[in-house]
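Report on the structure
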Amino acid sequence: MGETWRNWTGDQRCSPTEIVRPRDLDQLAAAIAAAAEAGRKVSVAGSGHSFTEAALTDGTMIDIGALSGTIDADPSSGLVKVGAGTVLADLNDELHGHGLAMENLGDIDRQTIAGAIATGTHGTGAKLRNISAQVEAVELIDGGGKVRELGGEEADLLRAARVGVGALGAVSAVTLRCVPAFTLLRVDTPEPREDVLDSFDERAEANDHFELFTFPYADSALVLERNRVEGPPRPRGRLAAYLNDIVLENWALEALSAGGRAMPRAIPALSRLAAALASGGKTIDRSDRVFASERRGRFTEMEYGVPREHGPEAARRVIEWVRTNRYPVFFPIEMRVAADDDALLSPSHGQDTAYIAVHQYGGMEWRPYFEAVEGIMRDYGGRPHWGKRHFQTAATLAPLYPRWQTFQAARDELDPGRLFANEYAQRVLGP
């Protein structure tokens, strides 16, 4: 065995027979061919921001980090082809140089574009779909070693590959449909949680991008509203950004989390303190900088998408479970929204969705909490985020997706020999 690979949070690790870092399409194809000839399974790893076992392998791991950067850009049409290993933060800078932007993004920009779309990563916006919906074409090497360009007439194959969970081949490049660069106004406001949940749907409709954070043991919620505005960005000064993004949102949260881990009985009081520190604020900046947040503390996470009308009730039940069981969890619950889309395995497939994310600080017990949350989400037909922890299997997932069999047909076409199937893929997609 060679070097050990770990994900971002450090709780998923493996020792592949080899880790290959191709620098172009030919090297990628050669690595896949060599692995197939040697009888080794292939796993493709991005920046390791998944909390699942999706990238784990004892065979050949392909690190796509060097397959990065803009390959082609047409500012007039907004179509931009980029390497699959391009990290979102770098992509955003390159797009800005072309006067372009992604129409919607999540709050972390350290994932590769291929990893973000493969797992159904999303931002928030009642009228906006997840990141994979911004993909016009996918270039990949399939299980037979053939370079495939999915798009146009191969609509179902593209809809499968947009959220492919790493099981359809090694993505080498994606073509994105971008929009002219725009400025966002972000307003953060602490409010009583019940008021926010009561008006959840109205708030989602009233804002371009709406989300909330709430500590289970507090009674308030921090509401984040982002909307497009005319005019140039007016970024905060470096000191103000440092004090808020690093000192308050990271160092203070890290200190309180560590205190809760050391003294679990203090977590309710620490949660109320953290909620009190969550002050309001206003930012006007270019879109990607308003979307992204700094995340330095290590944690593990579960996130479920449920039909939007059930979001507030499901969140209330999670909070009630935490309080009733006095469960030691300090990290806040996050709620976001997304429009329905047609990617075959998107958690938002065919339904407007409320996303509910729960977290646990690194080193603390998380399984009973996450099992309870998953049980609640099952009551609403909840679908898991593919990049975050869940306990589902192919048997329990198949009924949740109307076009599950269409995805399986795409898998049979692109990887009939299951070269890209690790234990996780077998569990959640079937053998």
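Note that residues are indexed from 1 along each chain, following the sequence as it is written. Reporting of local features is limited, given that this is a predicted model, to residues whose pLDDT is at least 70; pairs of side-chain atoms are given and counted only at 80 or more, and all residues count toward the totals for whole chains, interfaces and linings. Water and hydrogen atoms play no part in the side-chain values, which are based on all heavy atoms of the structure.

**Brief notes about helix α11 (residues 367-378)**
Applied cut-off: The helix and strand labels rest on DSSP assignments: H or I over at least four residues marks a helix, E over at least two residues marks a strand, and numbering proceeds from the N terminus. Each residue after the first adds 1.5 Å to the expected span of a helix. For the exposure calls, accessible area comes from a 1.4 Å probe over protein chains only, and a residue counts as buried if that area is under 20% of its type's maximum, exposed if over 50%, partly exposed in between. Contact between two residues is taken to exist if any of their heavy atoms lie within 4.5 Å; hydrogens are not considered.
With 12 residues, α11 extends 16 Å between its outermost C-alpha atoms, agreeing within 8% with the 16 Å of an ideal straight helix rising 1.5 Å per residue. Within α11, burial applies to Tyr 369, Phe 370, Ala 372, Val 373, Glu 374, Ile 376 and Met 377. If you follow the buried residues of α11, they end up packed against β17 (299-307), α10 (311-324), β18 (333-338) and β19 (353-361).

**Remarks on the packing of aromatic side chains**
Using the following cut-off: Only rings of Phe, Tyr and Trp enter the pairing, Trp through its six-membered ring, and a pair is recorded when the two centres are within 6.5 Å. The plane angle decides the type: under 30 degrees is stacked, over 60 is edge-to-face, the rest tilted. In our convention, an over-ring charge means Lys NZ or Arg CZ found within 6 Å of a ring centre and within 35 degrees of that ring's normal.
Applying the stated criterion to the full structure yields 15 aromatic pairs. Summarising the aromatic geometry, the rings of Phe 200 and Phe 210 are spaced 5.5 Å apart at their centres and angled 65° between planes, so their arrangement reads as edge-to-face. One end of the pair, Phe 200, is in helix α6 (residues 200-206); the other, Phe 210, is in strand β14 (residues 209-214), with 10 residues separating them in the sequence. Exposure class is identical for Phe 200 and Phe 210. Each is buried. A ring pair is formed by Trp 366 and Phe 391, whose centres lie 6.4 Å apart and whose planes are at 10°; its orientation type is stacked. You can see Trp 366 sitting in the loop between β19 and α11 and its partner Phe 391 sitting in the loop between β20 (383-384) and α12 (394-397), a full 25 residues away along the chain. Members of the aromatic cluster, each reached through a chain of ring pairs, are Trp 321, Tyr 327, Trp 366, Tyr 369, Phe 370 and Phe 391. Cation over ring: Arg 228 sits above Phe 182, and NZ or CZ is 3.7 Å from the ring centre.

**Quick look at the environment of Glu 205**
As for its position among the elements, Glu 205 is in helix α6. On a C-alpha basis, the gap between Glu 205 and Asn 7 in space is 36 Å, while along the polypeptide they are 198 residues apart. If near-sequence neighbours (up to four positions away) are discounted, Glu 205 is found in contact with Ala 126, Lys 127 and Arg 308.

**Describing the packing of helix α4 (residues 155-162) against helix α13 (residues 404-414)**
The condition is simple: Think of each axis as a best-fit line through the C-alpha atoms, taken over the contacting stretch in the case of a helix, with angles from 0 to 180 degrees between the N-to-C directions. In this scheme, roughly parallel covers angles under 35 degrees and roughly antiparallel covers those over 145, while 65 to 115 is roughly perpendicular and the rest are oblique. In this classification, the charged set is Asp, Glu, Lys and Arg, the nonpolar set is Ala, Val, Leu, Ile, Met, Phe, Trp, Tyr, Cys and Pro, and all remaining amino acids, among them Gly, are polar.
α13 packs onto α4 with a crossing angle of 95° between their chain directions and a minimal axis gap of 9 Å. The orientation of α4 with respect to α13, classified from their angle, is roughly perpendicular. Contacts between α4 and α13 involve Asp 156, Leu 157 and Ala 160 from the first element and Thr 406, Phe 407, Ala 410, Glu 413 and Leu 414 from the second. Class assignment for the residues of the contact of α4 with α13 results in 5 nonpolar, 1 polar and 2 charged.

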